[in-house]
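Inside the fold
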Amino acid sequence: IDLGTDGTASVDYPGYCAAVGRAVVRGDAERGIVLGGSGNGEQIAANKVTGIRAALCYNDELAALAREHNDAQVISIGARMNTVEQARSMVQTFLSTPFSGDPRHVRRITMVADYDESGTLPPLPRA
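**Structural notes on the environment of Phe 94**
When you line up the elements, Phe 94 lands in helix H4 (residues 84-96). Taking C-alpha positions, Phe 94 is 9.5 Å from Cys 57, a pair spaced 37 residues apart along the chain. Once residues lying within four places of it in the same chain are set aside, the contact partners of Phe 94 are Arg 31, Gly 32, Ala 63, Ala 66, Arg 67, Ala 72, Gln 73, Val 74 and Ile 75.

Laid out in structure tokens, this is it:
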């Protein structure tokens, strides 16, 4: 599903990134990809959609960890920061890497989801 622009002119990206997040939350898409100059703003905008975990990635290792540890559903990539080949590789890694299901990662993802729902931060761990 292409939810992006149809040209090369600069656009206000938050609506596009939110549309990607909403498509994933609704189940219209299993994963999403947002692209921008740096990828930073796009990641922030996608993460404003309740239930979305968007990860800014700039190499294959981060793309894999975003899936393995964070069960991220959206990858954000900076077009000015990566070549087309690097972006393709990160997307392939992101799409092909499963979530590990490790209990510590599940616990942390649940904490973030609970915050999304309640607005209450988890307690700080004691040292």
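**Some words on the pairing of strand E1 (residues 32-36)**
The side-chain alternation of E1 yields one buried face, formed by Gly 32, Val 34 and Gly 36, and one unburied face, formed by Ile 33 and Leu 35. Inspection of the sheet shows E1 paired to strand E3 (residues 74-78) by five bridges, in the parallel sense. Residue pairing in the sheet places Val 34 in a bridge with Ser 76 of E3.

**Regarding the sheet that holds E3**
For sheets, the rule is that strands pair by backbone hydrogen bonds, running either parallel or antiparallel. Taking strand neighbours across the sheet as the criterion, the three strands line up as E1-E3-E2 in an open arrangement whose pairing is parallel. In the strand order of this sheet, the two ends are held by E1 and strand E2 (54-56), each with one partner. Here the strands of the sheet are splayed against their neighbours by 25 degrees on average, with no regard to which way each runs. Where helix H1 (residues 14-26) meets the sheet, it contacts E1 and E3, and its direction lies at approximately 170 degrees from that of E1.

Reading the values: the criteria
Within every chain, residues take consecutive numbers counted from 1 along the sequence as written. For a predicted model such as this one, the threshold for reporting local features is a pLDDT of at least 70, and the threshold for listing and counting side-chain atom pairs is 80 or more; totals across whole chains, interfaces and linings nevertheless cover every residue. Note that the side-chain values use all heavy atoms of the structure and ignore hydrogens as well as water. Each helix corresponds to a stretch of at least 4 residues labelled H or I by DSSP, and each strand to a stretch of at least 2 residues labelled E; elements are numbered beginning at the N terminus. Whether two residues are in contact is decided by their heavy atoms, any of which lying within 4.5 Å being enough. Burial classification: accessible surface area is computed with a 1.4 Å probe over protein chains only, and a residue below 20% of its type maximum counts as buried, one above 50% as exposed, and the rest as partly exposed. Strands pair, by our definition, only if DSSP identifies at least two bridges between them. The convention used is that axes are lines fitted to C-alpha atoms, helices contributing only their stretch in contact, and that angles between N-to-C directions extend from 0 to 180 degrees.

Geometric values such as these leave the question of function open.
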